[in-house]
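A look at the structure
Each chain is listed here by its residues.
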Amino acid sequence: MRPLARARRRVVEAVLTLLGASVLIWALLPLAPGDPARMILVAQGVPEPTPEQIGDLEQTLHLDRSAPEQYAHWLWGVLRGDLGLSFVSGRPVAGEFAERLPATLILASSALAVAVVLSVALGVIAARSPRRWPDHGTRWLALVFTSVPSFVVALLLIQVFVVGLGFGKAALDGTWAQVWLPAVCLAVGLSDSWSRLLRANLLAFLESPTADVLRARGASRWRLLWRHGLPNSAVPSLHALAVGTAVLLGGATVVETVFTWPGLGAYVVESVKTRDLPVIQAFTVFATASYVVSSLVADLLSAVIDRRIEVAA
């Protein structure tokens, strides 16, 4: 199958996955207890909505129609950026998301940058001296990173740097100037698996015939690792990077809550406490789309970088 045909098939699979997930996500609202129209009116300052008010809002929101029509209306609204009204504030969910999304993007991009630098450093050091003390040291460090929960790392960072050394703040405002503590906390959780994956890819390259030829031409081990090993390890690492990106965009709720980072994660935690289903729906759509789109981009980039990789592997 030609690369273009594979890419088209992978895009179709991604779209079908998103459509299937959208049905499950939409079902959160009609299957939940309570009247959505009444909850929205109460949130908008109407303590005792009349049947006429409830009926008018249900008609406006298409809640008086059949289930397929409600789903079609909801899906069309999502595609247009209309994520419904919050049960708590009565405001459009899309507007509240737009206020908090920049802070989440700042945190996610910073954490990705730190994680890439940390994992490359640990992976190269381990591959430089396999089965020796640098390799064993990075392995134990990765094991510690994996074993310690993110909220524990967050509390330790606050205790050491904020309380002990007086650097930074515990209550953050979502700007670049204050992003480094939560970014390091999230990067630690990603760099453990990334560094071990990179180590394995680098060692596999060093044992390949290509490395033998380069070694015969006088290339040192460091040159093999940095100049040739890292580019050859880019394709296998793309999928790990894609999953990590989706995790940061859709799953950094605990760290955002501990650091009071004003992003989507902390907002959704509060919405879960108040059972604000439209917000939970919107965040689930966002998190699902992050995973699917990140995976799709990684597959397509893999095909561009190395045509031997199948797009729909």
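Nothing here was measured: the structure is a model prediction, and the numbers come from that model.

Definitions and cut-offs
- The residue count restarts for each chain, going from 1 along the sequence in the order it is written.
- Totals for whole chains, interfaces and linings use every residue, but because this is a predicted model, local features are given only for residues with pLDDT of at least 70 and side-chain atom pairs only at 80 or more, for both listing and counting.
- Hydrogen atoms and water are omitted, and side-chain values are computed over all heavy atoms in the structure.
- Joining through side-chain atoms within 4.5 Å is the link that ties buried Ala, Val, Leu, Ile, Met, Phe, Trp, Tyr and Cys residues into a set, and such a set is a nonpolar core.
- Think of it in three bands: residues with accessible area under 20% of the maximum for their type are buried, residues over 50% are exposed, and the middle band is partly exposed, with areas taken using a 1.4 Å probe on protein chains only.
- What makes two residues a contact is simply this: any of their non-hydrogen atoms within 4.5 Å.
- A residue's pLDDT is the confidence the predictor assigns to it, expressed on a 0 to 100 scale.
- By definition, any uninterrupted DSSP run of H or I lasting at least four residues is a helix, any uninterrupted run of E lasting at least two residues is a strand, and each is numbered from the N terminus.
- Counted as salt bridges are all cases of a side-chain nitrogen of Lys or Arg within 4 Å of a carboxyl oxygen of Asp or Glu.
- Helix axes are fitted only over the stretch in contact, all axes being lines through C-alpha atoms; the angle between N-to-C directions runs from 0 to 180 degrees.
- The labels follow the angle: roughly parallel below 35 degrees, roughly antiparallel above 145, roughly perpendicular from 65 to 115, and oblique for the rest.
- For this classification, the nonpolar set comprises Ala, Val, Leu, Ile, Met, Phe, Trp, Tyr, Cys and Pro, the charged set comprises Asp, Glu, Lys and Arg, and every other residue, Gly included, is treated as polar.

Our focus in this paragraph is the nonpolar core. Judged by nonpolar contacts, the single largest core of 28 residues is most densely connected at C185, L186, L248, F259 and W261. Contacts of F259, omitting those with residues within four sequence positions, involve A154, I158, A170, A171, L172, L181, P182 and C185. In this structure, Y71, W74, F97 and V268 belong to the second largest nonpolar core, which totals 17 residues.

Mean pLDDT over the protein works out to 83, with 96% of the residues at or above the 70 mark. No element of the protein has a lower mean pLDDT than helix α11 (residues 234-251), at 79, and none a higher one than helix α5 (residues 93-128), at 90. Taken together, the stretch residues 309-313 has pLDDT below 50 and engages in 13 contacts with residues farther than four places along the chain or on a different chain.

So, about the pattern of salt bridges. One side chain can pair with another of opposite charge once the charged atoms of both are near each other. By the definition in use, this model includes ten salt bridges. Across the pair D135 and R139 runs a salt bridge, and its minimum N-O distance is 3.6 Å. Remark: R139 and D135 occur in helix α6 (residues 133-147); sequence separation between them is four residues, near one turn of the helix. Its relative accessible area of 0% is what places D135 among the buried residues. Classification of R139 as partly exposed rests on a relative accessible area of 38%. Overlapping salt bridges bring together R91, E96, E99 and R100 as one network.

Moving on: unusual backbone geometry. Of note in this structure, R131 is not a glycine but carries a positive phi near 60°. Its place among the elements puts R131 in the loop between α5 and α6. Located in the positive-phi region is T260, a residue other than glycine, with phi close to 50°. Here T260 shows up in the loop between α12 (253-258) and α13 (264-273).

Turning our eyes to something else, we now look at the packing of helix α2 (residues 36-43) against helix α3 (residues 51-60). Taken N-terminus to C-terminus, the directions of α2 and α3 make an angle of 110°; their axes are 9 Å apart at the nearest point. The angle between α2 and α3 places the two elements in the roughly perpendicular class. Mapping the contact onto sequence places A37, R38, I40 and L41 in α2 and Q53, I54, L57 and E58 in α3. A per-class count over the contact of α2 with α3 returns five nonpolar, one polar and two charged.

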